[in-house]
Amino acid sequence: MNKRLSGFVLISGLVLFYLVGAVACVQATELKVVTTFSILEDFVRQVGGERVEVRSLIPVGADPHSWEPTPKEARLVAQADLLVANGGGFDQWLVDLQKSAARPGVPMVYASQGLLVLEHDHDNDHEHHHGGDPHFWLSVPNAIYYVERITDALVALVPEDGPYFLARSQAYLAELAQLDKDILSQLQQIPPENRVIVTYHNAFSYLAERYGFSVMEFLVENPEAEPSPRDLGRLVQVLKQQPNPVIFTEPQLNISNRYVQTLAAEIQGKVYVLYSDSLSSTITTYVEMMEHNAQTLVEALR
Ligand SMILES: [Zn+2]
């Protein structure tokens, strides 16, 4: 073999090696999962690791209550092997998208299906919004339930990757159980008489129930709508009765901040940020989000 020919053989061998390697990689991450929002995306990634490619339809930092899918999201759904929604009326639009865009037989998991829905019992004349609070994940035991359901779906879909998914899932569930314990003990620093929160939208009933708070009031029943002067007036009255008025806002609700700042100025209260419906560029996982929320609650109410 002359020099030039052996060089060619060597290079084609390398190219072949890389091609085979690339194909193997593609196969290993072939399972495409689409979720409705970023917190579910994190849960799928924690369990699925490098063997799933997961995409959230609602971008990080967007408000899921006013978000609507476009043809771009329909294309992502068309490529998916598994769809993961929250359920409870939070992301009902995925049902339509599944009908119009998903391949036949592609399974859909409602992560919250089977959990008990909490309704906020108002003792005022707030218009009642039916269906209750869909933000189950803000209590860590509910997040554990979500992760178990996601694990079951992944294992059922690719049984040969079952041991891989189960090992990752177990490690993550242990982390979540520890997180729950840590939050419970951290929040003990807050005296019982301060365990009252006022928030922008009705997102915190599960957090309140699990960690011993009461959600005294929230500004809007439905975050798609802006608060009315009457809503604002009612909240001012509620907050004025507090010795140290505090109101919690949420980063994904752009319209909320203006109202909350106005309110806080009126009552000389303080504003703190709790994460509810979305991760962000600085809070990139569910665990970080819940740690942030616990720290914020302690700082605001201690
Ligand atoms: Zn919400």
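A brief report on the enclosed structure follows.

**Looking at the environment of T199**
Relative to the helices and strands, T199 is located in strand β5 (residues 196-201). The sequence separation of T199 and L219 amounts to 20 residues, and the corresponding C-alpha distance is 6.6 Å. Residues contacting T199, with those up to four places away along its chain left out, are F204, V215, E217, F218, L219 and F248. Within polar-contact distance, the side chain of T199 engages the backbone oxygen of H201 at 3.1 Å.

**Description of unusual backbone geometry**
The phi dihedral of Q268 falls on the positive side, at around 50 degrees, and the residue is not glycine. As for its position among the elements, Q268 is in the loop between α9 (254-267) and β8 (270-273). Here Q268 falls in the exposed class, since its relative accessible area comes to 71%.

**Some details on the pairing of β8**
Judged from the four bridges that link them, strand β7 (residues 246-249) and β8 form a sheet pairing that is parallel. Opposite F248, over in β8, you have Y272 as the bridge partner. Crossover handedness for the path β7 to α9 to β8: right-handed.

**Thoughts on the sheet that holds strand β2 (residues 52-56)**
What links the strands of a sheet is backbone hydrogen bonding, and the strands pair in either a parallel or an antiparallel sense. Here we have four strands laid out as an open sheet, ordered β2-β1-β3-β4, and parallel in their pairing. One side of each edge strand has no neighbouring strand; the edge strands of this open sheet are β2 and β4 (108-110). Mean inter-strand twist for the sheet, computed between neighbouring axes without regard to direction, equals 20 degrees. One ladder, built from three bridges, connects strand β1 (residues 31-35) with strand β3 (residues 82-85); its direction is parallel. Bridge pairing in β3 links T35 to V84. On top of the sheet, helix α5 (residues 140-157) reaches β1, β2, β3 and β4; it is set at about 170 degrees to β3, its chief contact.

**Digging into the pattern of salt bridges**
According to the stated counting rule, one finds six salt bridges in the structure shown. Salt-bridge contacts for R103 lead to D81; the nearest nitrogen and oxygen are separated by 2.9 Å. Taken together, the positions of R103 in the loop between α4 (93-101) and β4 and D81 in the loop between α3 (71-79) and β3 put the pair 22 residues apart, joining distant regions of the chain. By relative accessible area, R103 is classed as partly exposed at 39%.

Rules of the game
Residues numbered from 1 in each chain as written. Predicted model: local features only at pLDDT ≥ 70, side-chain atom pairs only at ≥ 80, totals over all residues. Heavy atoms only, no water. Helix = DSSP H or I, 4+ residues; strand = E, 2+ residues; numbered from the N terminus. Contact = heavy atoms within 4.5 Å. Polar contact = N/O pair within 3.5 Å; in protein donor to acceptor, adjacent residues only side chain to side chain. Buried < 20%, exposed > 50% of the residue type's maximum accessible area, 1.4 Å probe, protein only. Pairing = 2+ DSSP bridges. Right-handed = clockwise from strand over helix to strand, strands pointing away. Axes fitted to C-alpha atoms, helices over the stretch in contact; angles between N-to-C directions. Salt bridge = Lys/Arg side-chain N within 4 Å of Asp/Glu carboxyl O.

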